[in-house]
Amino acid sequence: MTGHENKSKIVSRAILEQEGKFTVEDIVNSVRDLIEGSTDSIRSYVLKKIETMCEYGLIGKTDIYYFSREQ
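Residues numbered from 1 in each chain as written. Predicted model: local features only at pLDDT ≥ 70, side-chain atom pairs only at ≥ 80, totals over all residues. Heavy atoms only, no water.

With respect to the overall build of the protein chain
Let me state the cut-off plainly: Labels follow the DSSP assignment, with helices taken as runs of H or I lasting at least four residues and strands as runs of E lasting at least two, numbered in each case from the N terminus. Radius of gyration: over C-alpha atoms. The globule rule applied is 2.2 Å multiplied by the number of residues raised to the 0.38 power. Any two residues having at least one pair of non-hydrogen atoms within 4.5 Å are treated as being in contact.
A count of helical and extended segments in the protein chain gives three helices and three strands. Along the protein chain, helices and strands appear, N-terminal first, in the series α-β-α-α-β-β. Here the protein chain has a C-alpha radius of gyration of 12 Å; the compact-globule value for 71 residues is 11 Å, and the two agree. Taking the intrachain contacts of the protein chain between residues at least 6 apart in sequence as the baseline, contacts between residues at least 24 apart amount to 46%.

The following block contains the structure:
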């Protein structure tokens, strides 16, 4: 597994394990010690991942929060 694949799995898991409302910062804080990179680069990566998951309907969003979808 490459570093990018590992990073992707860590961030995806952190997002999908959220319950209720959460922000990008909540995810950044939960993965900061697990993946390499500056806080800004991690934030950017997390935001792109969250937006992609919203497009696929895996999570929802409002103007302020993201939220987990009912299973």
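Read on, since the account is not over.
Focus on the sheet that holds strand 1 (residues 21-22)
Note the threshold: Two strands are said to pair when DSSP picks up at least two bridges between them.
Overall, antiparallel pairing links the three strands, which are arranged 1-3-2 in an open sheet. In this open sheet, the two strands that pair with only one neighbour each are strand 1 and strand 2 (59-61). Sheet topology places strand 2 next to strand 3 (residues 66-68); three bridges connect them, and they run antiparallel. Along strand 3, the bridge assignment pairs Ile59 with Ser68.

Some thoughts on the environment of Leu16
Selection criterion: Exposure classes here rest on a 1.4 Å probe applied to the protein chains alone. A residue is buried below 20% of its type maximum, exposed above 50%, and partly exposed in between.
Looking at the element boundaries, Leu16 is found in helix 1 (residues 3-16). Judged by its relative accessible area of 45%, Leu16 is partly exposed. Spatially, the C-alpha atom of Leu16 lies 9.7 Å from that of Ile50, the residues being 34 residues apart in sequence. For Leu16, the residues in contact, after removing those within four places along its chain, are Met53 and Leu58.

Here's the deal with the packing of aromatic side chains
Convention followed: Between 30 and 60 degrees the pair is tilted, below 30 it is stacked and above 60 it is edge-to-face, where a pair is any two Phe, Tyr or Trp rings, Trp via its six-membered ring, whose centres lie within 6.5 Å. Remark: a charge is flagged as sitting over a ring if the NZ atom of Lys or the CZ atom of Arg is within 6 Å of the ring centre and within 35 degrees of the ring normal.
Enumeration according to the criterion identifies one aromatic pair in this entry. Between the NZ or CZ atom of Lys7 and the centre of the ring of Tyr45, over which it lies, the distance is 4.3 Å. Its guanidinium or amino end placed over the ring of Tyr65, Lys21 lies 5.1 Å from that ring's centre, counting from NZ or CZ.

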